[in-house]
Amino acid sequence: MEDYRAELLRQVRLGDIATGEAAGACLPGLLRRLKHHEARAGTVPHPFRLYHLWRRNSLRRQVADARWHVEQGRAARMGELASRR
């Protein structure tokens, strides 16, 4: 049973590392799109302001989630198995 648990923890750790690397690769693009939407916040015509507000909030959540995954991957690489959300 211990071998099964050790293998499961190893697989979870490898998954966290892979997810962290993928999130790290996506993070620059997400930050660039967020910066673009924040720069155009005041210049958007009124009917589209709600869309841009929604899009900025959505991108902020995605950036926060990507940063969390990067931290989880970093912790897994260092041998720690951080708890899930």
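Refer to the structure presented above.
Residues numbered from 1 in each chain as written. Predicted model: local features only at pLDDT ≥ 70, side-chain atom pairs only at ≥ 80, totals over all residues. Heavy atoms only, no water.

Another point: the environment of Leu-9. With respect to the element layout, Leu-9 can be found in helix 1 (residues 2–39). Taking relative accessible area as the criterion, Leu-9 reaches 31% and is therefore assigned partly exposed. Through-space distance from the C-alpha of Leu-9 to that of Pro-45 is 51 Å; in sequence the pair is 36 residues apart. (Helix = DSSP H or I, 4+ residues; strand = E, 2+ residues; numbered from the N terminus. Buried < 20%, exposed > 50% of the residue type's maximum accessible area, 1.4 Å probe, protein only.)

Now for the pattern of salt bridges. Scanning the entire structure with this criterion turns up three salt bridges. Among the ionic pairs, Glu-7 bridges to Arg-10, the shortest N-O distance being 2.9 Å. One end of the pair, Glu-7, and the other, Arg-10, are both in helix 1, three residues apart, so they sit about a helical turn from each other. Judged by relative accessible area, which is 35%, Glu-7 ranks as partly exposed. A salt bridge links Glu-71 to Arg-74; the nearest nitrogen and oxygen atoms lie 2.3 Å apart. A residue pair is termed a helical-turn pair when its members lie 3 or 4 positions apart in one helix, as Glu-71 and Arg-74 do in helix 2 (residues 46–77) at three residues. The class for Glu-71 is partly exposed, based on a relative accessible area of 43%. Arg-74 sits in the partly exposed class, given a relative accessible area of 37%. (Salt bridge = Lys/Arg side-chain N within 4 Å of Asp/Glu carboxyl O.)

For the rest of this paragraph, the subject is the nonpolar core. Generally speaking, nonpolar side chains in soluble globular proteins are found buried as a group. With eight residues, the main nonpolar core is built from Ala-23, Leu-27, Leu-30, Leu-34, Leu-59, Val-63, Ala-66 and Val-70. Mapped by element, the contributors of at least two residues to this core are helix 1 and helix 2. For Leu-59, the contacting residues outside a window of four places in its chain are Leu-30, Arg-33, Leu-34 and His-37. (Core = buried A, V, L, I, M, F, W, Y, C linked by side-chain atoms within 4.5 Å. Contact = heavy atoms within 4.5 Å.)

Moving on: the packing of aromatic side chains. Under the definition given, this model contains one aromatic pair. Their ring planes at 40° and their centres at 6.0 Å tell us that Tyr-51 and Trp-54 sit as a pair that is tilted. Here Tyr-51 and its partner Trp-54 are both found in helix 2, three residues apart, which amounts to about one turn of the helix. Relative accessible area serves as the criterion here: at 42%, Tyr-51 is assigned to the partly exposed category. (Phe/Tyr/Trp six-rings, centres within 6.5 Å; stacked < 30°, edge-to-face > 60°.)

Honestly, it's all geometry; don't read function into it.
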